[in-house]
Amino acid sequence: MTESSANSMWGGRFAGGVDAIMEAINASIGFDRRLYAQDIAGSRAHAAMLAAQGILTEADARAINTGLDQVKAEIEGGSFPFRTDLEDIHMNIEARLKDIIGEPAGRLHTARSRNDQVAVDFRLWVREQCDAAIEGIEALMRAFLAQAEAGADWVMPGFTHLQTAQPVTWGHHMLAYVEMLARDRGRFIDARARMNECPLGAAALAGTSFPIDREATAQALGFDRPTANSLDSVSDRDFALEFLGAASICAMHLSRFAEELVIWSSAQFRFVRLSDAFTTGSSIMPQKKNPDAAELLRAKLGRILGANVALFTVMKGLALTYSKDMQEDKEQVFDAADNLMLGLAAMTGMVKDMIANRDALAQAAAAGFSTATDLADWLVRALNLPFRDAHHVTGSLVKMAEDAGIDLPDLTLAQMQSVHPGITEAVFDVLGVENSVRSRMSYGGTAPERVRAQVARWQEAL
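What you see is a predicted model, and the numbers here were worked out from it, not measured in a lab.

The rules behind the values
- Residues numbered from 1 in each chain as written.
- Predicted model: local features only at pLDDT ≥ 70, side-chain atom pairs only at ≥ 80, totals over all residues.
- Heavy atoms only, no water.
- Helix = DSSP H or I, 4+ residues; strand = E, 2+ residues; numbered from the N terminus.
- Rg over C-alpha atoms; globule rule 2.2 N^0.38 Å.
- Areas by Shrake-Rupley, 256 points an atom, 1.4 Å probe, with all protein chains shown as cover.
- Lys, Arg positive; Asp, Glu negative; His and termini not counted.
- Charge placed at Lys NZ, Arg CZ, Asp CG, Glu CD.
- Axes fitted to C-alpha atoms, helices over the stretch in contact; angles between N-to-C directions.
- Left-handed = near helix turned anticlockwise from the far one by under 90°.
- Contact = heavy atoms within 4.5 Å.
- Nonpolar A, V, L, I, M, F, W, Y, C, P; charged D, E, K, R; others polar.
- Phe/Tyr/Trp six-rings, centres within 6.5 Å; stacked < 30°, edge-to-face > 60°.
- Lys NZ or Arg CZ within 6 Å of the ring centre and 35° of its normal.
- Disulfide = S-S within 2.5 Å.
- 1 Å grid on protein atoms, 1.4 Å probe; cavity = no way out; pocket = protein on both sides within 12 Å on 5 of 7 lines; lining within 4 Å.
- Points joined across faces, edges and corners; volume = space filled by probe spheres on them.
- Core = buried A, V, L, I, M, F, W, Y, C linked by side-chain atoms within 4.5 Å.
- Buried < 20%, exposed > 50% of the residue type's maximum accessible area, 1.4 Å probe, protein only.
- Expected span 1.5 Å × (residues − 1).
- Arc of directions from axis to C-beta.
- Polar contact = N/O pair within 3.5 Å; in protein donor to acceptor, adjacent residues only side chain to side chain.

Participant: How would you sum up the overall build of the protein? Please name residues and give values.
Facilitator: A tally of helices and strands in the protein yields 21 helices and six strands. In terms of overall dimensions, the protein is more spread out than a globule: its C-alpha atoms have a radius of gyration of 31 Å, far above the 23 Å expected for 462 residues. Dimensions along the principal axes, computed over C-alpha positions, put the protein at roughly 100 × 55 × 40 Å. When the accessible surface of the protein is split by element, carbon and sulfur atoms take 53% of a total near 21700 Å². Averaged over its 44 positive side-chain charges, the protein has a centre that lies 1 Å from the centre of its 60 negative ones.

Structure representation (structure tokens):
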């Protein structure tokens, strides 16, 4: 194949031929520039340690710090000359530092490799994302708690298989998501604690012969300790995988409630009204109010879970230690973190603004024979029937009511006694949905008293 025909296949984008292709596939500056603050922080800590150990002069350390100040200002001011030919954020910063301060810039990389440099940069960035996720989750938990407190005694249908099962309270349903989010919060806290070890000083893979102080750099960067094995230090991406795992589960929880909002805000349910801020209209149907934010939140899980699977796939076949494959870790994590934070913010806004339709909730709670289990329980308690017999009697009464087009509380005592003569007037005390939810006093149950206690517990915990 001739050079010209090869170029025609690559197109104008790679008109430079092989060199252009290699530069495009090798460079990461297009995305890893996001690590500039972490890279500068790591370089400051490294330079300070080198100076303290007598490896670097105090004058060189001061020059490096001054130069890094200018580099950071240029990046944040939008005037930094990013260069693709320098591949990544580390080399871009180092080259610019050399332009600014000259020879001392070349001494900064003493006892350091890009392998441990990127490991510490990325770990610092992911640690910050854990902190941000924890904060975002707590804000969403508070929004659910506010809804739970307001509707602690509002009755609504509880569902299994999306079929009416038993009446519950609105507050109890909101608290279910508080519990899910609390587990998400715990996963990010756990992941953060586990990743809080500093790989800086592992160098390329074997450590260094220079008399460095890894405890000092770890402390300067807010880590609990340095990592204990140099091979693992430069090849580990478990911290990123744990972040993605926690993010995937959290996004799944957001997606589940997003699905409920889509259903609940429909004309068929009318359980909630979403604010205009998180809905859109139809281009041709003026009556429509589409729950677009909730629908997009459902889809975000696909991106976050996809990032998780992608990084697992990158890492699964890599022999120790560093391989260039690992450059493919960051875009996945960046995208997942961005979308998780966007999802948490959007869901917090929707939950804060949504208005529950108490009348529609109560009406739905009373339909679909939702107190059938209460009737069965009453037959066990009052008539000492075995539960399976009580279940059969209740089923017969449900069929009778269904055939008559009425609900269980609308059956007459005579009709009930035709199925079982032992039934008394007292049965009507348990058939109302309000009575049903008040009776669910077991720990973790839906009784308003229990709901208010759980709300208070979480408010104190947060």
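We are not done yet, so read on.
Participant: Run through the packing of helix α12 (residues 238-264) against helix α14 (residues 330-353), naming residues and quoting values.
Facilitator: The contact between α12 and α14 brings their axes to 10 Å, and the two run at 35°. The way α12 lies across α14 gives a crossing that is left-handed. In this structure, α12 uses A240, F243, L244, A247, C250, A251, L254, F257, A258 and L261 to contact α14, whose residues at the interface are Q332, V333, A336, A337, L340, G343, L344, M347, M350 and V351. Of the residues that constitute the contact of α12 with α14, the class distribution is 18 nonpolar, two polar and no charged.

Participant: Explain the packing of aromatic side chains residue by residue, including any values.
Facilitator: Taken as a whole and assessed by the stated rule, the structure comprises 13 aromatic pairs. An aromatic cluster is defined as three or more aromatic residues linked by ring pairs; in this entry it consists of F144, F159, W170, Y177, F257, W264, F269 and F271. Across from the ring centre of F82, 4.1 Å away, lies the NZ or CZ of R33, which sits over that ring. Here the basic side chain of R34 rests over the ring of F334, its NZ or CZ set 4.8 Å away from the ring centre.

Participant: Can you tell me about the state of the cysteines, naming the residues and giving the values?
Facilitator: For the structure shown, the criterion picks out zero disulfides. No disulfide involves C130; its nearest neighbouring cysteine sulfur is the one of C250, lying 12 Å away.

Participant: Give me empty space enclosed by the protein: which residues, what numbers.
Facilitator: On inspection of all chains with the given rule, the structure shows two cavities of 30 Å³ or more. Roughly 40 Å³ of internal volume is contained in the largest cavity. Surrounding the largest cavity, L140, F144, Y177, L181, H253, L254, F257 and M347 form its lining. For the lining of the largest cavity, the elements supplying multiple residues, two or more each, are α8 (114-150), α9 (170-195) and α12. Top contributing element to the lining of the largest cavity by residue count: α12, with three residues.

Participant: Explain the nonpolar core residue by residue, including any values.
Facilitator: Ranked by size, the top nonpolar core spans 97 residues in total, and within it W170, F188, F257 and M347 carry the most contacts. With 16 residues, the single largest contributor to this core is α12. With sequence-adjacent residues up to four places away left out, F257 is seen in contact with F144, M174, Y177, W264, M347, V351 and M354.

Participant: Quick rundown of the layout of surface pockets? Include the residues and the values.
Facilitator: Empty space within the largest pocket amounts to approximately 440 Å³. The wall of the largest pocket is formed by 18 residues, among which G158, F159, H173, R256 and E260 lie closest to the centre. Elements supplying a minimum of two residues to the lining of the largest pocket: β1 (155-160), β2 (163-169), α9 and α12. When the residues that make up the lining of the largest pocket are grouped by side-chain class, the tally is nine nonpolar, six polar and three charged.

Participant: Go over helix α6 (residues 89-101) with me, naming the residues and quoting the values.
Facilitator: Note that an α-helix has 3.6 residues per turn; residues three or four places apart therefore point the same way. Over its 13 residues, α6 extends 18 Å from the first C-alpha to the last, a length consistent with the 18 Å expected when each residue adds 1.5 Å. Three or more residues of α6 are buried, namely I89, H90, N92, I93 and L97. Looking straight down α6, one finds that the buried residues subtend no more than 165° of arc, so they occupy a single side. Every exposed residue of α6 that faces more than 90 degrees away from the buried side is listed here: K98 and D99. On its buried side, α6 packs onto α3 (29-32), α4 (36-52), α5 (58-77), α7 (104-107) and α8. For α6, the N-terminal cap is D88; the gap from its side-chain oxygen to the backbone nitrogen of H90 is 3.1 Å. The positive-phi residue at the C-terminal boundary of α6 is G102, with phi of around 80°.

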